[in-house]
Structures are given as C-alpha cells and as structure tokens.
Amino acid sequence: NRASLSLTPADIQNNIAAGKPFVWRFPCPEGVTIVPDSLMGGESGARFKNDDVIGDFPLTRSGTEDNWGGPLYNFCCAVDDGEMGITHVIRGQEHLSNAARQILLMQALGYGVPSYTHLPLIMKGGRKMSKRDGDADPMQPVSISARRDLGYLPEATLNFLALLGWSLDDKTEFFSGEELVSAFGLDRLSKSNANFDEDKFLHINATWLKTLPREEVVRRVGPFLEREGYGVSDKPTGWLDSLIAMTRERARLLGDFPALLDFFFLAPTVFESRGTKKILEKEGTADILTAVAGVLEAADPFDQPTLDARLRAFGEEQGLGFGKIAQPVRMSVTGRTASPGLFEVLEALGREETVARVRNMVKLLRSGNVPTEG
C-alpha cells in the first residue's frame, strides 16, 4: 500500500536500528507492461497491467541491519541478462509474469530488453512435471542422469525431449541431434502443454537401440554387465557381439541386457515353475537328457549347424519330436522356456558348459528336487 513511502529517512533508520525487518521494493509505474513473447503473446506480446498484476514487487528477501537479506530471483535475472547482453530467452511459461517484472527492471537499469519465448508446460499424470517430484517411479525418474543409469540412450532422450512441444514436421518421429539442430525453429513450437508419455519414450529408445551399429551397442552394454558382475574381458573376441545379436530385438533399454544375458554368465540355479512341470518333469526326460549330453559332448565342431544336425538326427533315431529334445535342453541351460535360438545359445556357452548344465539337470531330475520360481 506504499505506506512506507511516507516515512522520513530518520524514521527508516530508527526502524532498522530497532531491528525491524525490511525489504527493498521496485516502485511499479502506472500503465501496462508488454512482454515481447513470440509464442504466448504472439506478435502483439503478452500484456500485464502494472497495478493489478505486478505491483511494487520486492527486490530483496526480508532483512535486518546485520543481514539485509540478499537479492531475489527477478532482480538477479534482470541484471544477469543485462550484463551478459542476452538477446533471446527461451524458458517455461510459468516465468511469463516474471518477464514483465524483469523488463521493468531492465528498462530502469538502462539495459536492452530481450525477445522472449515462454514454452508450454510438460504434463504427466494430469499435473505439471517437476524436477522435484519425489514420488517418481524408480523406473521412470525425472532425472536425466538416472535415466542414463537405467539405459536410456542420449540419442533417444534428445529425440524424445525435442518432441515435447515441438515437431520437425507433421510425420517425422525419429531424428538425430544434427537433424534437430538443422531443422529447429520457433515456428514449429506448440502453444499447448506437452504430455510426457513414458510408453513413447521407451518406444523411441528401443528403436534407437535397434538402429545403432552393433559394435556401438556392444560398447555401451559393457558397463551395465560389469555393474552386475558379468565380466567379458576373459571371453573370446566377438563373444559378446554374438550375444547382443541374439537379444537386441528384445531389449528396450541398455539396462535390460544383464537380465537377458545372465544365464550366459551364470548357470541357472532355479528354473521356471511352469516349464519345469510341463517339460522337465515328464516321464523319461532324464533319460533323454542323459543321451543328449553324450551327443553334445561328441559334436565336432561345436557350432550351430553341427548341433542342429546331430540333435535332429538323434530325435529321428529315437522317434522323438524335436520339441521333446529342444525344450528340455533349453530349460537345462537357461532355466527358461523362452530364449534366443537354441543352437546359438549352445554355441555361445560352449561344449563344456553346455554338457555340464545338461548333466546337472539329469541329477536334479533323478533326485526329484528341481528348484523352481515364477
């Protein structure tokens, strides 16, 4: 209410000496402040009535004689932009009213006024998304570094974030950083709030994961495997490359690979419950696997074509459908009913490890104690 303007300098000094808190305020002039905003205000800008909307806003926090409080955001921002000669400001629309205050300050201080673009909000779950969201799902964090640790790719993250309120054209969904830089323009910005769609983010990331050169995926997967204790330094050249080739179609994040590849590093200690009942515990399975272990041990070379031919020939000799051989072997070596191609898996595991896992399953079946989960 500007009551303090009637105080004399002596009154002010006495109040300060008495320990009364104070702030410095900006005396807002009468009239209208126009923010030259290319998006929210259009060509005419966004208009704010000085007396109704802005008022005599504070420049400092509440202070005392010993501690004057320090400057507030709008004052700091105006001085910072002015001193750096900022010509264009692009930020969120929640700062639109702040821009009016900053313009008044910059004009009073003799600075030039930048051109502004205030972007629509990013919404998620019906409310504004914030970096301070503390209740975020650990698999859907608001932190970019946390997303990186889950295995989101920088290419996909940039691609997805650029689509929040902007479009390259009416149809292009995937583009590189170079294409974004080349095509970006404020004229393609949307005035509507953007929706942070987690499914779309995952889809874009999965697509980029399939698009990257395989050797690049191998390089990036390495740290995720090492984090789980799955070292590859002692493996043959190209071994991890072959595993990535088997599984990259099923992965959406780099962080998916350790779970997809775990059985290549550690023999399974538990087996899918459903598969155990339907496949392993059928009568005669232990005998079949005993014979299969011998076939696998004798296969030379131990590669996909040889393994395919030997196991199919064994099935024909025994009058067994191939599924009655392949599925028990798959369960024995992976613990799962579904995996990459069986012969690819066996070749990657190698003769010694494959035979050991099959014979271990025979022991478990004969003991009547196959540990299960799921």
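Please read all numbers here as calculations on a predicted model, not as lab measurements.

**Quick look at a positive patch on the surface**
Okay, so step 1: A surface patch of positive charge is lined by Arg274, Lys278, Lys282 and Lys324.
Okay, so step 2: By secondary structure assignment, the location of Lys282 is in the loop between α12 (273–280) and α13 (285–298).

**Here's the deal with the nonpolar core**
Nonpolar side chains in soluble globular proteins generally cluster together in the buried interior.
Okay, so step 1: Formed by 75 residues in total, the largest nonpolar core has its most connected members in Phe257, Leu261, Phe264, Leu296 and Leu346.
Okay, so step 2: Considering every element that reaches this core, the biggest residue donor is α13, with seven residues.
Okay, so step 3: Counting 18 residues, the second largest nonpolar core, distinct from the first, contains Phe26, Leu59, Ala99 and Leu104.

**Focus: the sheet that holds strand β5 (residues 122–124)**
Okay, so step 1: Spatially, the three strands line up as an open sheet ordered β6-β5-β7, and their pairing is mixed. Edge positions in the sheet fall to β6 (127–128) and β7 (194–195), since each has one partner strand and no second.
Okay, so step 2: Of the strand pairs in this sheet, β5 and β7 are connected by two bridges, and their pairing is parallel. Bridging from a neighbouring strand, Met123 pairs with Asn195 of β7.

**What about helix α14 (residues 304–318)?**
Okay, so step 1: Relative to the 21 Å expected for 15 residues at 1.5 Å per residue, α14 spans 21 Å between its end C-alpha atoms, a close match to the ideal helical length.
Okay, so step 2: Buried residues along α14 sit in contact with α13, α15 (323–334) and α16 (342–349).
Okay, so step 3: Remark: Gly319 follows α14 within two positions and exhibits a positive phi of approximately 70°.

**Considering the packing of helix α10 (residues 239–247) against α16**
Okay, so step 1: Closest axis-to-axis distance for the α10/α16 pair is 11 Å, and the angle between their directions is 160°. Relative to α16, the element α10 lies roughly antiparallel. Viewed along their axes, α10 and α16 form a crossing whose handedness is left-handed. Of the residues in α16, those touching α10 at Trp239, Leu243 and Met246 are Glu344, Val345 and Ala348.
Okay, so step 2: The residue inventory of the contact of α10 with α16, partitioned by class, reads five nonpolar, no polar and one charged.

**Considering unusual backbone geometry**
Okay, so step 1: Following Asp300, the chain continues into Pro301 via a peptide bond in cis, with omega recorded as 0°.
Okay, so step 2: Position of Pro301 relative to the elements: it lies in the loop between α13 and α14.
Okay, so step 3: A positive phi angle is found at Arg2, which is not glycine, with a value near 60°.
Okay, so step 4: Looking at the element boundaries, Arg2 is found in the segment before α1 (9–17).

**Some details on a nonpolar patch on the surface**
Okay, so step 1: A surface patch of nonpolar side chains, about 260 Å² in accessible area, is lined by Ile90, Phe184 and Leu186.
Okay, so step 2: Relative to the elements of secondary structure, Ile90 occurs in strand β3 (residues 88–92).
Okay, so step 3: Ile90 sits in the partly exposed class, given a relative accessible area of 48%.

Definitions and limits used
- The residue count restarts for each chain, going from 1 along the sequence in the order it is written.
- Given that the model is predicted, a residue must reach a pLDDT of at least 70 before its local features are reported, and side-chain atom pairs must reach 80 or more before they are shown or counted; all residues, however, enter totals for whole chains, interfaces and linings.
- Hydrogens and water molecules were not included; the side-chain quantities draw on all heavy atoms of the structure.
- Patch rule: a residue counts if its relative accessible area is over 30% and it has no salt bridge; like charges are joined within 9 Å, and nonpolar side chains (Val, Leu, Ile, Met, Phe, Trp, Tyr) within 5 Å.
- All accessible-area figures derive from a Shrake-Rupley calculation using a 1.4 Å probe, and residue coverage is judged against the displayed protein chains alone.
- Salt bridges, as used here, are contacts in which a Lys or Arg side-chain nitrogen is within 4 Å of a carboxyl oxygen on Asp or Glu.
- Charged-residue counts in this description rest on Lys and Arg as positive and Asp and Glu as negative, His and the chain ends being excluded.
- To locate a charge, take NZ of a lysine, CZ of an arginine, CG of an aspartate or CD of a glutamate.
- The secondary structure listing takes helices from DSSP runs of H or I that are at least 4 residues long and strands from runs of E that are at least 2 residues long, numbered from the N terminus.
- Nonpolar cores are built from buried Ala, Val, Leu, Ile, Met, Phe, Trp, Tyr and Cys residues. Side-chain atoms within 4.5 Å join them into one set.
- Burial here depends on accessible area, computed with a 1.4 Å probe over protein chains only, as a share of the maximum for the residue type. Under 20% is buried, over 50% is exposed, and the range in between is partly exposed.
- By this definition, two strands are paired if DSSP reports at least two bridges between them.
- In this analysis, the expected span of each helix is defined as 1.5 Å times one less than the number of residues it contains.
- The contact criterion used is simple: two residues touch if any of their non-hydrogen atoms lie within 4.5 Å.
- To obtain an axis, a line is fitted to C-alpha atoms, over the contacting stretch when the element is a helix, and the angle between two such axes runs from 0 to 180 degrees between their N-to-C directions.
- When an angle is under 35 degrees it counts as roughly parallel; over 145 it counts as roughly antiparallel; between 65 and 115 it counts as roughly perpendicular; any other value is oblique.
- Note on convention: near helix rotated counterclockwise from far helix by under a right angle means a left-handed crossing. Clockwise means right-handed.
- Basically, the charged four are Asp, Glu, Lys and Arg, the nonpolar ten are Ala, Val, Leu, Ile, Met, Phe, Trp, Tyr, Cys and Pro, and anything else, Gly included, counts as polar.

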